[in-house]
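A closer look at the structure
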Amino acid sequence: MGIFSNKIDSKKANKYQTRLYSCFTILVIVNVINSWFLDWLWLYITTSSVLVILVVFLLKTPKRDLEEEWKHLEIEKDEAFENRVNLMMMNDRSDVQAIKYIRKEKNLGLLHAKQYLDRIKESKNNKSDL
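As the structure is a computational prediction, the values presented were derived from the model and not from experiment. (Residues numbered from 1 in each chain as written. Predicted model: local features only at pLDDT ≥ 70, side-chain atom pairs only at ≥ 80, totals over all residues. Heavy atoms only, no water.)

**Details of the overall build of the protein**
The number of helices and strands found in the protein is five helices and zero strands. Ordered by position from N to C terminus, the α and β elements of the protein give α-α-α-α-α. When burial is assessed residue by residue, the protein has 26% of its 130 residues classed as buried. Relative to all contacts within the protein whose residues are 6 or more apart in sequence, the contacts with residues 24 or more apart total 56%. Carbon and sulfur atoms make up 60% of the accessible area of the protein, which totals about 9900 Å². (Helix = DSSP H or I, 4+ residues; strand = E, 2+ residues; numbered from the N terminus. Buried < 20%, exposed > 50% of the residue type's maximum accessible area, 1.4 Å probe, protein only. Contact = heavy atoms within 4.5 Å. Areas by Shrake-Rupley, 256 points an atom, 1.4 Å probe, with all protein chains shown as cover.)

**Considering the packing of aromatic side chains**
What the rule picks out here adds up to four aromatic pairs. Judged by centre distance (6.3 Å) and plane angle (90 degrees), the ring pair of Trp 36 and Phe 37 falls under edge-to-face. By the burial criterion, Trp 36 is exposed, and Phe 37 matches it. Ring centres of Phe 81 and Tyr 101 lie 5.5 Å apart, and the angle between their planes is 15 degrees; on these two criteria the pair is classed as stacked. Note that Phe 81 is positioned in helix 3 (residues 79-90) and Tyr 101 in helix 4 (residues 95-106), a separation of 20 residues in sequence. Looking at Phe 81, the relative accessible area reads 1%, which means it is buried. Assessed through its relative accessible area of 22%, Tyr 101 is described here as partly exposed. The ring centre of Phe 81 lies 5.0 Å from the NZ or CZ of Lys 106, which sits over that ring. (Phe/Tyr/Trp six-rings, centres within 6.5 Å; stacked < 30°, edge-to-face > 60°. Lys NZ or Arg CZ within 6 Å of the ring centre and 35° of its normal.)

**Notes on unusual backbone geometry**
A positive phi angle is found at Asp 39, which is not glycine, with a value near 60 degrees. Mapped onto the fold, Asp 39 is located in the loop between helix 1 (10-38) and helix 2 (41-72). The backbone of Asp 92 sits at a positive phi, close to 60 degrees, despite the residue not being glycine. Within the secondary structure, Asp 92 is located in the loop between helix 3 and helix 4.

Okay, structure coming up:
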């Protein structure tokens with residue numbers, strides 16, 4: 001996988017990230033050994049430069065992975081659960097309480113629970129328009 005190529009497969013991305021972490025670890029060890037025993041300036045400058053580049057790639061990689069995960073997450077429809085959430089909303093529960101309930105029951109993150117609630121509200125509005 002090239003350095004600047006887009007992520008196509010999550011397994012390849014995990015392998016890419018693992019390689020970055022391995023290189024990072026090896027370079028830190030080489031840098032420590034150099035500072036303790038060898039004290040070669042050229043080796044210190046080279047390993048430090050490569051470490052900075054690796055840190056940039058490591059900081060950039062999780063962001064790219066998260067963006068891909070948000071696109072592919074599909075929450076399955078559960079009619080009974082959606083009816084319970086609609087009942088909560090009809091009983092004047094706040095969106096925050098509904099989102100907490102969705103997070104607890106569906107084991108979702110905050111953003112996904114909010115998107116799920118928005119989808120439930122939208123489907124409820126579409127049904128009432130008919």
